[in-house]
Amino acid sequence: MHLVKDLLVPATVIETLYSARRVHFEVDELATNSYVVFRNELNEKQTAFARHLGHGNFLLCGGTYKLGSITTRDSHQSAFADAMLNPEIIVNVALGAAGTGKSSLALSYACEQYLTSKKKIILCKPAVMVGHGKAFGAIPGDFSEKYAPYLASFEIVLKKLLSNKADVYLKQMLDNKDLEFIPLELARGCTYENCTFILDESQNTTWSEMNTLLSRIGEGSKFIALGDLNQIDIRVPARHTGLYTLVNSAPFSGSSICSAVELKTQYRSAICQLATEIHEWVQNENAK
């Protein structure tokens, strides 16, 4: 699991963390660059938010982060933001259902990096139709017409982030090739350097596709994979997807350049929350 973990600890652990910014506390089975909320075992309102550096060593983190116009709204979003903002963590994964803030936070980070460091933004998504598997080649039209439906989710978020001048900014970025949309199926053979590379719907990749894409990420780039393992549209079990293989592998869990966080709280709408709860109920019923 990649949830932010709540841990009850002696008050001295929290006091040391705030005074020295680091503390050692032995915890079983906690991946490198995973996040915890330490709670005073005698007063649970006294807390500290920290990142696991490995081998029981923890670093104090900020409680709330601001990426452009977006402020994180819970500890899971803060963990995702903290990992993205860390230049040493260059493989970032956010798991979670629709409406939990994965795309908004990732795109807001990418826009901020573009504005402050001129890092290009590369957006990628598998061309998959809901419930029907791979579909890119079967849709009529030229390249832009084929891929347009898969880009709509990116464009909606980008226009919201860029506010009233969104159309002007997007056109300028596209014309300058500072913003590119790349189908997963066409990513092979390229090298993506000095960019923020965002792979959305990554649960719809096989390990072969994910491996191929990771091997294309060059120097100065950050790779961000977004996905929901409860919404798989390719015809493979969850454990065989590229996303599952990536985040559950031993090399990923022990790597100082990787981090995975599961976002849990729905912020889109009550209907979106209801759909998630029903989906979880169906899965539990099918598992009986």
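You'll find the structure just up there.
The structure presented is a predicted model; accordingly, all values stated were derived computationally and were not measured. (Residues numbered from 1 in each chain as written. Predicted model: local features only at pLDDT ≥ 70, side-chain atom pairs only at ≥ 80, totals over all residues. Heavy atoms only, no water.)

1. Side note on helix α1 (residues 11-20)
Note on helix geometry: an α-helix contains 3.6 residues per turn, so any two residues three or four positions apart are oriented the same way.
Phase 1: Along α1, the residues that are buried comprise Val13, Ile14 and Leu17. Buried residues of α1 fall within an arc of 95° about the axis and therefore sit on the same side.
Phase 2: Where α1 is buried, its residues touch β1 (5-9), β2 (22-24), β3 (35-40), β4 (43-54) and β5 (57-60). (Buried < 20%, exposed > 50% of the residue type's maximum accessible area, 1.4 Å probe, protein only. Helix = DSSP H or I, 4+ residues; strand = E, 2+ residues; numbered from the N terminus. Arc of directions from axis to C-beta. Contact = heavy atoms within 4.5 Å.)

2. Looking at the packing of aromatic side chains
Phase 1: Scanning the entire structure with this criterion turns up 6 aromatic pairs.
Phase 2: Here Phe25 and Phe38 contribute two aromatic rings whose centre-to-centre distance is 6.0 Å and whose plane-to-plane angle is 80°, an arrangement assigned as edge-to-face. Pair noted here: Phe25 is in the loop between β2 and β3 and Phe38 is in strand β3, with a separation of 13 residues, a long-range link.
Phase 3: The class of Phe38 is buried, set by a relative accessible area of 0%.
Phase 4: Ring pairing ties together the aromatic residues Phe25, Phe38 and Phe58, which thus form one cluster.
Phase 5: Here Lys118 stacks its cationic end above the ring of Tyr114, 4.9 Å away from the centre of that ring. (Phe/Tyr/Trp six-rings, centres within 6.5 Å; stacked < 30°, edge-to-face > 60°. Lys NZ or Arg CZ within 6 Å of the ring centre and 35° of its normal.)

These values are about where atoms sit, not about what they do.
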